[in-house]
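# Observations on chain architecture
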Amino acid sequence: MFKSIIKKIQMLFFIMLLSACAVNCSKNSDSILKESNQNVIKIPLELSRKSEAAACINGDRALEYVKKIVSFAPRHAGTPGLEDTRKYIETTLSSLDLTPVRDNFIAHTPDKKIGDVELANIYTDIGDVKNSDGFFILSGHFDGKIIESGTFYGANDGGSSTALLIEMAACLKKHPLKVPVRVVFFDGEEALVKWTDSDSLYGSKHYVSYLAEQGLLKKIKGLINVDMIGDSNLRYTVDTNSNPQIMNALMDSAGELHYDDLFVGRRGAIGDDHIPFVEMGVPAAVLIDFNFGPGFSSNSYWHTSQDNLSHVSAKSLAQTGQVVLLSLTKL
Ligand SMILES: [Zn+2]
């Protein structure tokens, strides 16, 4: 009798301990998650369970890639900096045990003085893309803009996308998904004179036909293009040209990560490297912060020498990498 009372007391104590632990455990994971919002070096525990690849993203490492890319400025068509950037992408991918592939092509510009220019996309596969039933594409551009005064560093525009693609490729290599992923670095996104349908998106337009020739276009399960995602005051634009299912996956992922301030109701129709894919019926979306400047709605740093290292952050790079890779688990 006495023994059974002691046993009952022991059992009661054990249950109390368990429930206390449950409360504390959730508190702990919450505080780690909150801390991770302020310091990208801390990895949210919840995220590791949802996507190891997303939890692997390191914003500081991505920022180091941005610094290197900025050192090649200017990097528009015809500059040594553009070829230096291509070589840097290739050598960095190789050092990460990934195989870069160059897709050389001639871009026909509408400007008679500029004429035809030699450009090259670069891509790398994580998994067997060619023999798969379907694959994802993560993409972004690396070229810079020709501006009238000062140097275009493109830390955010072109730099952040390139750096994050390298970091995401490295994390996917370490933690592959069931579905293969192709990471594509587009050349020639920027207009060489003025943005029109014929003077823009040279790399992505060419790449659509390149994939179609190989019979791969129809196998794309989803494409997420990133652009200008290093803005230290990161607020994404919900693009109305993008595939709604992919946009929802991106927004849901940001919500799950408690990054509630990243989507704040900004909407707009964005022209970017996802458009040639959208036009061919591929489910494609762009993740972009098209308000790059001080305050809520200014875009005053865009396409100026103010697009420099002082206005990008490791935190924004890490948050975007986590959001993008987590969203792939929802598609
Ligand atoms: Zn641009």
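The present account deals with the structure reproduced in this document. Here, residues in each chain are numbered from 1, in the same order as that chain's written sequence. pLDDT decides what is reported in this predicted model: residues at 70 or higher carry local features, side-chain atom pairs at 80 or more are listed and counted, and totals for whole chains, interfaces and linings draw on all residues regardless. Heavy atoms throughout the structure, all of them, feed into the side-chain values; hydrogens and water do not.

## Quick look at the overall build of the chain
- The secondary structure content of the chain amounts to ten helices and eight strands.
- When burial is assessed residue by residue, the chain has 53% of its 331 residues classed as buried.
- Contacts: residue pairs with any heavy atoms within 4.5 Å of one another. Long-range pairs, those at least 24 residues apart, make up 76% of the contacts in the chain with a sequence separation of at least 6.
- Of the roughly 15,000 Å² of accessible surface on the chain, a fraction of 56% belongs to carbon and sulfur atoms. Runs of E in the DSSP output that reach at least two residues are strands. Runs of H or I that reach at least four are helices, and both are numbered from the N terminus. Only protein chains enter the area calculation, which uses a 1.4 Å probe; residues under 20% of their type maximum are buried, those over 50% are exposed, and those in between are partly exposed. For accessible areas, the Shrake-Rupley method is used with a probe of radius 1.4 Å. Any residue's cover is judged against the shown protein chains and nothing else.

## Quick look at the coordination of the zinc ion
- Here a donor is an N, O or S atom found within 2.8 Å of the metal, or within 3.2 Å if the metal is Na, K or Ca; sites may look incomplete because water is not among the atoms. Surrounding the zinc ion are the protein donor atoms D157 (OD), E190 (OE), E190 (OE) and H303 (NE2), which sit 1.9 to 2.8 Å from the metal.
- Taken together, the four donor atoms coordinating the zinc ion span angles of 52 to 147° at the metal, a pattern that classifies the geometry as irregular.
- Counting the intervening residues between successive donors of the zinc ion yields the motif D-x32-E-x112-H. One end of the pair, E190, is in the loop between β4 (181-186) and α7 (202-213); the other, H303, is in the loop between β8 (284-288) and α10 (314-328), with 113 residues separating them in the sequence. Just as E190 is buried, H303 falls in that class too. Site shape is set this way: if four donors have all angles between 85 and 135 degrees, tetrahedral; if opposite donors are over 155 degrees apart and all others between 65 and 115, square planar for four donors and octahedral for six; otherwise irregular.

## Points about the packing of helix α6 (residues 155-174) against α10
- All axes are obtained by fitting lines to C-alpha atoms, using only the stretch in contact for helices, and the reported angles, taken between N-to-C directions, cover 0 to 180 degrees. Orientation of α6 relative to α10, taken along the N-to-C sense of each, is 50°, at an axis distance of 10 Å. One finds that α6 runs oblique with respect to α10. For the pair α6 and α10, the sense of crossing is right-handed. Along its contact with α6, which presents S160, L164, M168, C171 and L172, the element α10 presents L317, T320, G321, V324 and L325.
- Grouping the constituent residues of the contact of α6 with α10 by class yields seven nonpolar, three polar and no charged. Oblique is the label for any angle not under 35 degrees, not over 145, and not in the 65 to 115 range, which are roughly parallel, roughly antiparallel and roughly perpendicular in turn. Handedness of a crossing follows from how the near helix is turned relative to the far one, being left-handed for an anticlockwise turn of less than a right angle and right-handed for a clockwise one. We call Asp, Glu, Lys and Arg charged. Ala, Val, Leu, Ile, Met, Phe, Trp, Tyr, Cys and Pro are nonpolar, and the rest, Gly among them, are polar.

## A closer look at helix α8 (residues 244-256)
- One less than the residue count of a helix, multiplied by 1.5 Å, gives the span that helix is expected to have. Taking 1.5 Å of rise per residue, 13 residues should cover 18 Å, and α8 covers 18 Å from first to last C-alpha, within 8% of that figure.
- Those residues of α8 that sit buried are I246, M247, A249, L250, S253 and A254. Seen end-on, α8 carries its buried residues on one side only, within an arc spanning 160°. Exposed residues on α8 whose side chains face more than 90 degrees from its buried face are P244 and Q245.
- Where α8 begins, the side chain of N243 points an oxygen toward the backbone nitrogen of Q245, at a separation of 3.0 Å.
- Trailing α8 by a residue or two, H258 shows a phi angle of about 65°, which is positive. The arc in question is the one traced by the directions running from the helix axis out to the C-beta atoms. Pairing of N or O atoms within 3.5 Å defines a polar contact, subject to two protein rules: one partner must be a possible hydrogen donor and the other a possible acceptor, and residues neighboring in sequence count only if both atoms are side-chain atoms.

## Quick look at the nonpolar core
- Here, the term nonpolar core denotes a set of buried Ala, Val, Leu, Ile, Met, Phe, Trp, Tyr and Cys residues that are joined through side-chain atoms within 4.5 Å. Judged by nonpolar contacts, the single largest core of 66 residues is most densely connected at L138, F185, L250 and L325.
- Among the elements that line this core, the one with the most residues is α6, at nine residues.
- Those residues in contact with F185, other than ones at most four positions away along the chain, are I89, L93, N121, I122, G140, F142, T162, L165 and I166.
- Counting 17 residues, the second largest nonpolar core, distinct from the first, contains V208, Y210, L211 and A284.

## Quick word on the packing of aromatic side chains
- Here is the rule: rings of Phe, Tyr and Trp (six-membered ring for Trp) pair when centre to centre is within 6.5 Å. Planes less than 30 degrees apart are stacked, more than 60 are edge-to-face, and the remainder are tilted. Summed over all chains, the structure comprises nine aromatic pairs.
- Relative to Y210, the ring of Y207 has its centre 5.1 Å away and its plane inclined at 25°; by these criteria the two rings are stacked. Of this pair, Y207 and Y210 both sit in helix α7, three residues apart, roughly one helical turn. Residues Y207 and Y210 agree in their burial class; the two are buried.
- Chaining the aromatic ring pairs together yields one cluster made of Y123, F186, Y207, Y210 and F277.

## Overview of the environment of G215
- Mapped onto the elements, G215 comes out in the loop between α7 and β5 (220-227).
- Residue G215 is classed as partly exposed on the basis of its relative accessible area of 46%.
- Between the alpha carbons of G215 and K130 there is a distance of 9.1 Å; along the sequence they are 85 residues apart.

## Thoughts on unusual backbone geometry
- For the bond from A73 to P74, the omega torsion is -5°, close enough to zero to count as cis.
- Tracing the backbone shows P74 in the loop between α4 (59-70) and α5 (80-95).
- The phi torsion at D97 lies on the positive side, around 70°, for a residue other than glycine.
- With respect to the secondary-structure elements, D97 resides in the loop between α5 and β1 (101-108).
- In this structure, H258 is a non-glycine residue whose phi angle is positive, near 65°.
- Of note, H258 is situated in the loop between α8 and β7 (263-268).
- For H258, a relative accessible area of 36% puts it in the partly exposed group.

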